[in-house]
Amino acid sequence: MKNLLIGTLILASGAAVAEAPELKTPAPVIYLADNLDEEDQLGWCIDTLGRGFAETLQAHSCKPQGGDVQFTFEPENGLIRSAAFPEYCAEHTPNADLDFALSLCDPTMVGQQFTYISETKAISPAGDATMCLVVGSQSRQAGPFMSRPLEMAACSQTPAQLREWVVLDD
């Protein structure tokens with residue numbers, strides 16, 4: 001009885017409990033393991049800004065119809081490739097106005113080389129496992145959906161719910 005009461009008090013105290021999204025997006029897709037505050041329980045996917053092709057990437061509600069939220073991870077070269085625009089890949093652009101861009105795929109470009117560690121669900125720049133692909137802490141409305149910025153941050157200083165990704169291939 002005492003353990004049940006303690007467990008109830010912990011839950012009632014507002015302790016954060018990770019909640020998986022109700023993913024409806026068809027594979028391939030890379031999505032955040034925690035639904036966070038996505039209002040329709042769709043989860044958070046890597047996405048192009050706006051509708052269709054855009055050079056800027058963000059985190060966005062995973063769209064049930066797929067499209068510009070569908071990405072693959074290629075472990076052999078570290079590319080995160082757009083399924084909708086297969087000649088384009090995610091690129092970390094730390095010295096530009098945006099953190100992540102959608103650029104023509106080039107496996108020799110360091111900014112396009114990533115690693116995915118399934119045990120920790122971390123996506124990191126190749127060669128630097130101390131940094132992780134994360135979603136920003138604040139969400140905003142994006143039409144009928146929601147969005148957050150994509151950022152690169154120190155894994156050890158970022159809450160797990162903002163940096164743990166699931167990769168679903170075809």
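Before reading on, note that the structure itself is shown above.
Computed from a predicted structure; not experimentally measured.

1. Overview of the state of the cysteines
Here a disulfide denotes one covalent bond, and it connects the sulfur atoms of two cysteines. This model, assessed by the stated rule, comprises 3 disulfides. Sulfur-sulfur distance for the disulfide between Cys-45 and Cys-62 comes to 2.1 Å. In this structure, the disulfide formed by Cys-45 and Cys-62 twists by about 105° around the S-S bond and is classed as right-handed. One end of the pair, Cys-45, is in strand β2 (residues 44-48); the other, Cys-62, is in the loop between β3 (57-61) and β4 (71-74), and 17 residues separate them in sequence. Comparing Cys-45 with Cys-62 shows no difference in burial state: the two are buried.

2. Remarks on the packing of aromatic side chains
Applying the stated criterion across every chain yields a total of 3 aromatic pairs. Site record: aromatic cluster; members linked through ring pairs are Phe-53, Phe-85 and Tyr-88. Above the ring of Trp-44, the side-chain terminus of Arg-148 is found at 5.0 Å from the ring centroid.

3. Focus on the pairing of strand β5 (residues 79-82)
Strand direction decides the pairing type here: β4 and β5, joined by 4 bridges, are antiparallel. Its bridge partner lying in β5, Phe-73 is registered against Ile-80. Linking β4 back to β5 in an antiparallel pair, the connection comprises 4 residues, with Gly-78 at a positive phi of about 80°.

Rules of the game
- Residues numbered from 1 in each chain as written.
- Predicted model: local features only at pLDDT ≥ 70, side-chain atom pairs only at ≥ 80, totals over all residues.
- Heavy atoms only, no water.
- Disulfide = S-S within 2.5 Å.
- Helix = DSSP H or I, 4+ residues; strand = E, 2+ residues; numbered from the N terminus.
- Buried < 20%, exposed > 50% of the residue type's maximum accessible area, 1.4 Å probe, protein only.
- Phe/Tyr/Trp six-rings, centres within 6.5 Å; stacked < 30°, edge-to-face > 60°.
- Lys NZ or Arg CZ within 6 Å of the ring centre and 35° of its normal.
- Pairing = 2+ DSSP bridges.

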